[in-house]
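# Inside the fold
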Amino acid sequence: MKKIKEFFESPHIQIALAVGFSIIAMSYFSKHILTKPIGYLSLAIPPFVGTIFESLLSKYKDSKFLKAHYWVIAVLIATFLVIVFHI
């Protein structure tokens, strides 16, 4: 149980789960709810936010700005905005 908790506390795993959820949510909305599919460039915005986090984390590991929960929220907000702007 402790190893599972440590696994999910990793910032890399948290961002990967947020980006995965983002991709699934956008594809569901694009296919089933929206009248017009979301374009490829718009679909890439939330994963790009996750990529920026990973690149900054590898360079500045101890920065207060690079807490995983800030970036998870940023990925989810980007997902929400992409969906809302395509309604």
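Definitions and limits used
Residues numbered from 1 in each chain as written. Predicted model: local features only at pLDDT ≥ 70, side-chain atom pairs only at ≥ 80, totals over all residues. Heavy atoms only, no water. Helix = DSSP H or I, 4+ residues; strand = E, 2+ residues; numbered from the N terminus. Buried < 20%, exposed > 50% of the residue type's maximum accessible area, 1.4 Å probe, protein only. Contact = heavy atoms within 4.5 Å. Areas by Shrake-Rupley, 256 points an atom, 1.4 Å probe, with all protein chains shown as cover. Patch = residues over 30% accessible without salt bridge, like charges linked within 9 Å, V, L, I, M, F, W, Y side chains within 5 Å. Salt bridge = Lys/Arg side-chain N within 4 Å of Asp/Glu carboxyl O. Expected span 1.5 Å × (residues − 1). Arc of directions from axis to C-beta.

Let us look at the overall build of the chain. Looking only at helices and strands, one finds 5 helices and 0 strands in the chain. In sequence order, the secondary structure elements of the chain are arranged as α-α-α-α-α. With respect to the principal axes defined by its C-alpha atoms, the chain has extents near 45 × 30 × 15 Å. Taken over 87 residues, the chain has a buried fraction of 28%. Within the chain, contacts between residues at least 6 apart in sequence are counted, and of these 70% link residues at least 24 apart. When the accessible surface of the chain is summed, it comes to about 6500 Å², and 71% of that surface belongs to carbon and sulfur atoms.

On to a nonpolar patch on the surface, then. Together, Ile 73, Ile 77, Phe 80, Leu 81, Val 84, Phe 85 and Ile 87 give the surface a local cluster of nonpolar side chains, amounting to about 750 Å² of exposed area. Mapped onto the fold, Leu 81 is located in helix 5 (residues 68–85).

Let us now look at helix 4 (residues 45–59). Here helix 4 spans 22 Å end to end across 15 residues, near enough to the 21 Å set by a 1.5 Å rise per residue. Along helix 4, the positions that sit buried rather than exposed are Pro 46, Val 49, Gly 50, Phe 53 and Leu 57. Along the axis of helix 4, the buried positions cluster into a sector of 95°, meaning they face one direction only. Opposite the buried face of helix 4, by more than 90 degrees, sit the exposed residues Phe 48, Ser 58 and Lys 59. Buried positions along helix 4 lie against helix 2 (11–33), helix 3 (40–43) and helix 5.

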